[in-house]
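Take a look at the letters that make up each chain.
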Amino acid sequence: MPLIAGVSRGRDMAERASTVRVHDFGEVDLGLSPDQAQAEADRCLQCKKPACVTGCPVGVDIPAFVLAIAEGRFGEARTGILEANLLPAVCGRVCPQETQCEGACVLSGKDRAINIGALERFAADLGGLEGEAPVARAPATGRRVAVVGSGPAGLTAAAELARRGHAVTLYESLHEPGGVLLYGIPEFRLPKAVVREEIERVLALGVELRTNMLVGQSLPVEELLAYDAVFIATGAGLPSFMGIPGEEVNGVYSANEFLTRVNLMHADRFPDSGTPVKRGSRVVVTGGGNVAMDAARVARRLGARVSLVYRRREEDLPARREEVRHAREEGVEFMTCAAPVRILGEPCVTGVECVQMEMCALDESGRPAPRECEGSSFVIDADTVIQAIGTSPNPLLVRLLPGAETGRKGNLVVDEDGRTSIPRVYAGGDIATGAATVILAMGAGKRAAAAIDADLRSGIAP
Amino acid sequence: MYSVVKAEQLADRVHELVVEAPHVARHAKAGQFLIVRVDPDGERIPLTISRAEGDLVRVIFMTIGATTYRLAELRAGDSILDVAGPLGRPSGIPQNATCVVVGGGVGIASCPIIARTLRGAGNRVIGIIGARNADLMILEDEMRQACDELHVTTDDGSMGRHGYAADVLKEVIEAEPVDQVWVIGPAIMMKVTSAVTRPKGIRTWVSLNPIMVDGTGMCGSCRVVVNGETKFACVDGPEFDAHQVDFDRLMQRQRIYPEEEREALERHHASHCGCEPGARHG
Ligand SMILES: Cc1cc2nc3c(=O)[nH]c(=O)nc-3n(C[C@H](O)[C@H](O)[C@H](O)COP(=O)(O)OP(=O)(O)OC[C@H]3O[C@@H](n4cnc5c(N)ncnc54)[C@H](O)[C@@H]3O)c2cc1C
Ligand SMILES: Cc1cc2nc3c(=O)[nH]c(=O)nc-3n(C[C@H](O)[C@H](O)[C@H](O)COP(=O)(O)OP(=O)(O)OC[C@H]3O[C@@H](n4cnc5c(N)ncnc54)[C@H](O)[C@@H]3O)c2cc1C
Ligand code: FES
């Protein structure tokens, strides 16, 4: 595989050249070699009070595994991470480490932070599941816990509860577990084989997985509440549309639909796979977050010319810097300070009418508020439009739960430990926070599992 | 894996499958649907739950594309990889009312379960079933049992009344006061037939069938326009107030992938032409 050494900045992983990778769904980042990993791990100061660990929502003992890598004890490094995190190959790839562990690293101010994410991935990727010591399980407690939703929050809670000896049933409405890890994040950032392998590890703890079960319908709420405890992790999968004219014409997708068709249903392999997707020759993506970057990069790989329209400035793009860089390298055109006002074409999309935006006084988010410049409208030709302007908590189960307190976004309101307003019902991840991150969802799953365990043992939950 | 316990052809291009799927069968209500995925590369397609008994659900479908042709090949003893459901909201069932249930073509599949449920709730139920011709008629006996009164029509007069279900519906609502009407069939039939009840302002339900992916409200593929608002048919429906539905938009959105569907169907047929596996077709 051709690499461009120039892009790899020493501590960084090698990346496949953009001209090559844009033609396939192979992974972009290639990971560290053992030498690179050891050299990077060697830089760790092994702080007495490691700030990085406080920046990790699941509390991985970072200095210990980094030391193990530095000393060439790679297997031990992995076992150490697995103590706290059963999805390290996922986290090593998709966590925004710059705002978590690496952001807290004492070196980040002076030199540069240890590349903890790359090291985690390095340790996680070594070997497969074979030869891995099975994670220990406490003796069976006889308690039954239902976990609803098999994204990172549900998987983590299920694993932690199973470890503590509870009988866990994990319910998923789709045909395969993983949540956004499976249907949202594209293969070139997170290979599905990696996700499947890590999910196997969770299931190997004795978690019973039931797919095709839309809880609330396939399992009525009364039956759900008959469990000793329930953890709800149904995510924030409800896509928002902009509400502009023309949104219903053929060729307009939510990012969720576009990504689900490709990631979950493999529409990139149509007709070998049965699900089609409009490949588009000119695609407009609206939005500036990570989801918009993923949608744009997938559309590039399906062969389209892709323009990304974002209403604020380049520096305001909420996506990770690295994702913006990747998208740009792959030929995504950025049109900032522009907002779509109408989708043109009938019955199929022919273009998007946009207006130029000017930046005004700072708004409550601390960024300049965009305002439409009068008479600035212009049209971008397009045959496909992908809206990536956000998602909100899945309302389906929430509205069936009697007495559930909900927040402004339709999220379930929970306390520090994930307790909802309903006794014995806990929640965490995007359903409680609104769209956030994998590691925050995992942290929530872990905290709730500890609370469920404690409550079950202390008899608060019968 | 979900086993097929019965597979039968009911009419020209119309097939019935009875599948063991306890999680769906035990909780299914009139008006709901399920999603099947036949094999690992298969598409997820929605089908109405036509009957549910014990652990078994019945679906009835017309072969129109790659997936429905694939389903039609299944025999008792075969299995389906995934069956998810029940999905969508159940029909809203009134009490002590007079209701008409109209089915057109393969849409008749959805009718007996609704008629039975309505009757079980103390409603008087008049059924109207229509098909292009006698060879395409299905479930007549079942509808006769489920309804207090049944009218049968065919477009060509080869069975029952000569004419359209809409004609009969017009007569029925003239003859006696009707409280609610269900119209289920192809989009164009629902559009035309539900127009009949508009002047009298009779509450009329249609079951919309846009293209779906997940069927759980996560993608918006199934969005329909009702009363000027965007709704997701899989979670807000599939039944909506007929007089508020933008049928033209529905029909247009059903035609997003004509070329792809043709390609998939040709490929399906080519893989069944009797050549050696892997042989190339010119
Ligand atoms: C395209 C995209 C890219 C992203 N990239 C990143 C990234 O790089 N890094 C990062 O940290 N975060 C990223 N995120 C955000 C991250 O994926 C989410 O914050 C995280 O997945 C939330 O986890 P969760 O477990 O709460 O929910 P989800 O992952 O959404 O999982 C919820 C699961 O519940 C199931 N479900 C819903 N309702 C029911 C029901 N009633 N019954 C049964 N099952 C049900 C759903 O099918 C789904 O599988 C991305 C998100 C998207 C959409
Ligand atoms: C809630 C609901 C209930 C339905 N119930 C029945 C039923 O009981 N019996 C029946 O025969 N049909 C039913 N349909 C329609 C059925 O889902 C489609 O006929 C089927 O998906 C066609 O798939 P195909 O691969 O054979 O054909 P394709 O060649 O893929 O498509 C043929 C036509 O079917 C429609 N279609 C294609 N893919 C989908 C999809 N994923 N979801 C929905 N529609 C699609 C399109 O309008 C297309 O023009 C229902 C649809 C919905 C939404
Ligand atoms: S089918 Fe995806 S939201 Fe309805």
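Residues numbered from 1 in each chain as written. Chains lettered and ligands numbered in written order. Predicted model: local features only at pLDDT ≥ 70, side-chain atom pairs only at ≥ 80, totals over all residues. Heavy atoms only, no water.

1. Side note on the domain arrangement of chain B
All names here are of chain B. Along its sequence, chain B is carved into domain 1 (2–87) and domain 2 (91–203). Each of domain 1 and domain 2 has a C-alpha centre, and these two points are 23 Å apart. Listed as interface residues are 15 residues of domain 1 and, on the opposing side, 14 residues of domain 2. Summed over both sides, the interface of domain 1 with domain 2 buries roughly 1,200 Å², with 63% coming from carbon and sulfur. On the domain 1 side of the interface with domain 2, the three residues burying the most area are Ala30, Arg51 and Ile60, jointly 36% of the side's total. Here domain 1 is connected to domain 2 by 5 residue pairs in polar contact (both at pLDDT 80 or more). Elements with a contribution of two residues or more to the side of domain 1 that touches domain 2: β1 (2–11) and β6 (56–62). Of the residues that constitute the side of domain 1 that touches domain 2, the class distribution is 8 nonpolar, 3 polar and 4 charged. (Domains from an automatic or database assignment. Contact = heavy atoms within 4.5 Å. Buried area = accessible area lost by both parts, 1.4 Å probe. Polar contact = N/O pair within 3.5 Å; in protein donor to acceptor, adjacent residues only side chain to side chain. Helix = DSSP H or I, 4+ residues; strand = E, 2+ residues; numbered from the N terminus. Nonpolar A, V, L, I, M, F, W, Y, C, P; charged D, E, K, R; others polar.)

2. Some remarks on helix α14 (residues 255–264) of chain A
Residues and elements named next belong to chain A. Judged by how many residues are buried, α14 sits mostly within the fold: 10 of 10 residues are covered. Taken residue by residue, α14 has Ala255, Asn256, Glu257, Phe258, Leu259, Thr260, Arg261, Val262, Asn263 and Leu264 as its buried positions. Looking one or two places after α14, you find His266, whose phi comes out positive at around 60 degrees. (Buried < 20%, exposed > 50% of the residue type's maximum accessible area, 1.4 Å probe, protein only.)

3. As for unusual backbone geometry
Residue Pro347 of chain A follows Glu346 of chain A across a cis peptide bond; omega there is 5 degrees. Mapped onto the elements, Pro347 of chain A comes out in the loop between β10 (338–344) and β11 (351–362).

4. Some words on the packing of helix α4 (residues 62–70) of chain A against helix α5 (residues 74–84) of chain A
Residues and elements named next belong to chain A. Running from N to C, α4 and α5 point in directions that differ by 165 degrees, and their axes come no closer than 7 Å. What the angle tells us is that α4 and α5 run roughly antiparallel. The handedness of the crossing between α4 and α5 comes out as left-handed. Seen from α4, the contacting residues are Phe65, Ala68 and Ile69; seen from α5, they are Phe74, Glu76, Ala77 and Ile81. Each residue belonging to the contact of α4 with α5 can be placed in one class, and the counts come to 6 nonpolar, no polar and 1 charged. (Axes fitted to C-alpha atoms, helices over the stretch in contact; angles between N-to-C directions. Parallel < 35°, antiparallel > 145°, perpendicular 65-115°, else oblique. Left-handed = near helix turned anticlockwise from the far one by under 90°.)

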